[in-house]
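Here are the chains, one letter per residue:
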Amino acid sequence: MGSIARVVRSLMLSWVCLGYVAACSTTVPGSPQAQAPRDADAPTVASSDLARLLLSDQQVSDIVGVTGMVKSDVYSDIPGPQGESYSEPRCAEALYNTMWTSYDGSGYSGAAGQRVREPGDDSYNNVDEGVVSFPDAAAATRFVVRTSLEFDSCADVHFSDTSAPTDSETYFWTIGFPQNVGDTVTVVSTEEGQERYGCAKAITSRSNVVIDVYWCAQGAAAKTPADLVNAIANNMPH
Amino acid sequence: MFTKISDVEGNLIGFSAADRVGADGLSTGHASGMPSLAGNRTSRAFRWWKACFFPRRALAGAVVALLSGCTAINAGVAVPADDLGHSPAPVPVAALEFLLLPPEQLDTLLHTSGLVLKNSRSTMANGPIAAEDCAAPFRNIRGGVYRGSGWIAVRGQYAADADGSMFRVWQGVVAFPMPVDAQAFYHQQVAAWHTCDNRRIDGRLLDDPTTNDQLFTLGEAREHDRMLSMTSTPEFDDGGWKCERVLTVRNNVAVDVDSCTWHLTDQSEIIADAIAEKVPVK
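## Examining the environment of S72 of chain A
Residues and elements named next belong to chain A.
Then step 1. Secondary-structure assignment places S72 in strand β1 (residues 70-75).
Then step 2. Setting aside residues up to four positions removed in sequence, S72 forms contacts with R115 and R117.
Then step 3. Separated by 3.1 Å, the side chains of S72 and D73 make a polar contact.

Structure representation (structure tokens):
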């Protein structure tokens, strides 16, 4: 009996060691992402009401700290392709927002957004704030989670964006590593050869709405688009 | 004999018969930018080994067999990496220009005297040369060479003796977002430079109709101590004028150097090494 017990103990120990070493697991830093629908109990927002969630020019100016930002482009659906091409279309949403490359086929039900920029031909400071509705909160959350997983695979990708053939300029970017700011996913990317110029994007969802923004500027950091997202979230009905 | 020519900023930069117009270059320091967890792995592996191996010798074979799929045990003494297992903080753009060597330091390093700073730049050199596919081992910090690499910022300086007839140095440093991006660029360049081994090339600027053919013969790309180098010799050699390009990377910075002189030996490598030593890696 004693020998049987020893064998059993040995086997138990071996399984403990097996579990410990066989997987060769690595622990990485990071925060778990919420899988449960966010604000699932909040009223859903109809597609026709999406534009009301967007921030005014003044609100945008206050958050980004640049006076006199003005609206330049308004859209009421996910903007379609304009003849541009991307080196990795799946990574376009990691750099910009409301990209057809990610939203087409996602089941979204409506979209609204606008570009808000610093006046002046020589200014590249600009915000694009977008809100996209889905049938329910679970679908909106699922889109954010799936998109953020795509961001992981796009991290450190050297991405290029070539404009339509009429001028065909190519812009090169290095996509940054996604980071969570609360339940908002952010990515800060840098443009090749532009010193400190970059774009920071942020995406999250509330109820059935995905809030998707970017902020491009010298030294763009994640906090600004995360603040923009929170401000839009505060406009959601509770 | 050579006729002196000047670059777009009015500075003497070459000889028309067989020398350069414009100059760019990049080089980087040592290849220690990658994170290393050697020290941590050693201690963790030891804890597993002790827990599993000693209590039940009968299980040792099985455990070792299981371990062997994951762990290699090597003889030797574990030493911590320079960066203590952490990826170094990338060098910021604002610090880039301070990596370049002032003329006095160049004089000391190269045993020359009277080198002076001729011009500085914060842009890549653009405009293709006739042998654009071999522009990288021929001239430093060229836009076409870095295009698509994800580089962020560049700083370059050209220094020479008073009339540029004895010694010319083009220093360049290029920042990338992360060390891994600089390493990727370096590895790509190692392959690219070899395709130009022993090539006879024309360095004429295609966008500048006033320039003449500048025929050079390239040497063979060499790599030692994570430093890539290649020589170029003007076709109308008048007594041993020669140039050498060097590229190396450290942290997120590529060090890209070019120098030309009579009886050139390893001056470019000395310069690149000195710049690379200034790149913080912790």
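After presenting the structure, the write-up continues.
## Regarding the pairing of strand β9 (residues 227-234) of chain B
Side-chain positions along a regular strand alternate between the two faces of the sheet.
Residues and elements named next belong to chain B.
Then step 1. Here β9 lies mainly inside the structure; seven of its eight residues are buried.
Then step 2. When strand β8 (residues 222-224) meets β9, the two strands line up antiparallel, connected through three bridges. Of the residues in β9, the one forming a bridge with E223 is L228.
Then step 3. Between β8 and β9, which pair antiparallel in sequence order, lie two residues; one of them, D225, sits at a positive phi of approximately 50°.
Then step 4. Alignment of β9 against strand β10 (residues 241-250), held across five bridges, turns out to be antiparallel. Paired with M230 across the strands is R245, a residue of β10.

## Describing the pairing of strand β5 (residues 167-175) of chain B
Residue and element names in this part refer to chain B.
Then step 1. Most of β5 sits out of view: nine of its nine residues are buried.
Then step 2. Where strand β4 (residues 153-160) meets β5, eight bridges bridge the pair, whose relative direction is antiparallel. Bridging across to β5, A159 finds its partner in V169.
Then step 3. In this antiparallel pair of consecutive strands, β4 and β5, the connection spans six residues, and G164 shows a positive phi of 70°.
Then step 4. In this sheet, strand β11 (residues 253-262) lies alongside β5 in antiparallel orientation, the contact comprising nine bridges. Bridging across to β11, G172 finds its partner in D256.

## Description of the packing of aromatic side chains
Then step 1. Counting across every chain of the model gives twelve aromatic pairs over all chains.
Then step 2. Between Y103 of chain A and Y108 of chain A the ring centres are 6.2 Å apart and the planes differ by 85°, which places this aromatic pair in the edge-to-face class.
Then step 3. Among the residues examined, Y103 of chain A registers a relative accessible area of 0% and is labelled buried.
Then step 4. Above the ring of F216 of chain B, the side-chain terminus of R139 of chain B is found at 5.3 Å from the ring centroid.

## Describing helix α6 (residues 267-277) of chain B
Because each turn of an α-helix spans 3.6 residues, side chains separated by three or four positions end up pointing in the same direction.
Residue and element names in this part refer to chain B.
Then step 1. Burial within α6 is extensive, with eight of its eleven residues counted as buried.
Then step 2. What α6 keeps buried is the set Q267, S268, E269, I271, A272, A274, I275 and A276.
Then step 3. If you follow the buried residues of α6, they end up packed against α3 (103-110), β5, β8, β9, β10 and β11.

Thresholds, definitions, all that
Residues numbered from 1 in each chain as written. Chains lettered and ligands numbered in written order. Predicted model: local features only at pLDDT ≥ 70, side-chain atom pairs only at ≥ 80, totals over all residues. Heavy atoms only, no water. Helix = DSSP H or I, 4+ residues; strand = E, 2+ residues; numbered from the N terminus. Contact = heavy atoms within 4.5 Å. Polar contact = N/O pair within 3.5 Å; in protein donor to acceptor, adjacent residues only side chain to side chain. Buried < 20%, exposed > 50% of the residue type's maximum accessible area, 1.4 Å probe, protein only. Pairing = 2+ DSSP bridges. Phe/Tyr/Trp six-rings, centres within 6.5 Å; stacked < 30°, edge-to-face > 60°. Lys NZ or Arg CZ within 6 Å of the ring centre and 35° of its normal.

So, to be careful, I would describe these as geometric facts and stop short of saying anything about function.
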